[in-house]
Amino acid sequence: MAMTGDAYTLRIEIEIEGAPSDLNFEEVEVTIAGIRKTMSSGEIKYDEEKREISIPFTQEETFKLRGKHKVDVRVKFAGGDVIGTSAGYLEHHESQSKQVI
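Residues numbered from 1 in each chain as written. Predicted model: local features only at pLDDT ≥ 70, side-chain atom pairs only at ≥ 80, totals over all residues. Heavy atoms only, no water.

Regarding the pairing of strand 8 (residues 82-93)
As a general feature of sheets, a regular strand has side chains that alternate between the two faces.
Point 1. Across two bridges, the pairing between strand 1 (residues 2-3) and strand 8 is parallel. Bridge pairing in strand 8 links Met3 to His93.
Point 2. One ladder, built from nine bridges, connects strand 7 (residues 67-77) with strand 8; its direction is antiparallel. Residue pairing across strands places Asp72 opposite Ser86, the latter belonging to strand 8.
Point 3. Where strand 7 folds back on strand 8, the antiparallel hairpin that results is connected by four residues, among which Gly80 adopts a positive phi of roughly 105 degrees. (Pairing = 2+ DSSP bridges. Helix = DSSP H or I, 4+ residues; strand = E, 2+ residues; numbered from the N terminus.)

Take a look at the structure:
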């Protein structure tokens, strides 16, 4: 659980049956409520051991999130295939502060 105005890295586990061990992502898109984060190959941080991608969120972005929202993820591979899925839910409690620090 997070609070509006938090800056953090969201870690999303990626498991694809039959995929090569060295997944080569060209783009990653994460959508939560009205926030759409995209990252291209040079920006994507993928932990092969944990099979996780790391998506950074800023204070400005999370100030827009209140309540519980579905997290959608789509990945584009170097070969052009695009696969999307739901990554669960993320809940934000409203902060009393409305200032970026």
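We are not done yet, so read on.
As for the nonpolar core
Point 1. Core analysis: the biggest nonpolar cluster contains 21 residues, and Ile12, Val30, Ile53 and Ile55 have the highest contact counts within it.
Point 2. Elements with a minimum of two residues in this core: strand 2 (8-13), strand 3 (25-32), strand 4 (35-40), strand 6 (52-57) and strand 7.
Point 3. Ile53 has contacts with Leu10, Arg11, Ile12, Ile14, Phe25, Val28, Ile44, Lys45, Tyr46 and Val73, leaving out every residue within four places of it along the chain. (Core = buried A, V, L, I, M, F, W, Y, C linked by side-chain atoms within 4.5 Å. Buried < 20%, exposed > 50% of the residue type's maximum accessible area, 1.4 Å probe, protein only. Contact = heavy atoms within 4.5 Å.)

Observations regarding the sheet that holds strand 8
Point 1. In space, the five strands of this open sheet follow the order 1-8-7-3-4, with mixed pairing throughout. Of all strands in the sheet, those with a lone pairing partner are strand 1 and strand 4, marking the two edges.
Point 2. Looking at chain direction, strand 3 and strand 4 are connected through six bridges and run antiparallel. Residue pairing in the sheet places Glu27 in a bridge with Ser40 of strand 4.

Let's talk about the pattern of salt bridges
Point 1. Under the counting rule described, the total for this entry stands at seven salt bridges.
Point 2. Between Glu26 and Lys76 there is a salt bridge, with the nearest N and O atoms lying 3.5 Å from each other. Taken together, the positions of Glu26 in strand 3 and Lys76 in strand 7 put the pair 50 residues apart, joining distant regions of the chain.
Point 3. Under the relative-accessibility criterion, Glu26 is labelled partly exposed at 30%.
Point 4. Notably, a salt bridge pairs Lys98 with Glu94, separated by 3.0 Å at the nearest N-O pair.
Point 5. Accessibility expressed as a relative area gives 43% for Lys98, which makes it partly exposed.
Point 6. Connected through salt bridges with shared partners, the residues Glu29, Arg36 and Arg74 form a single ionic network. (Salt bridge = Lys/Arg side-chain N within 4 Å of Asp/Glu carboxyl O.)

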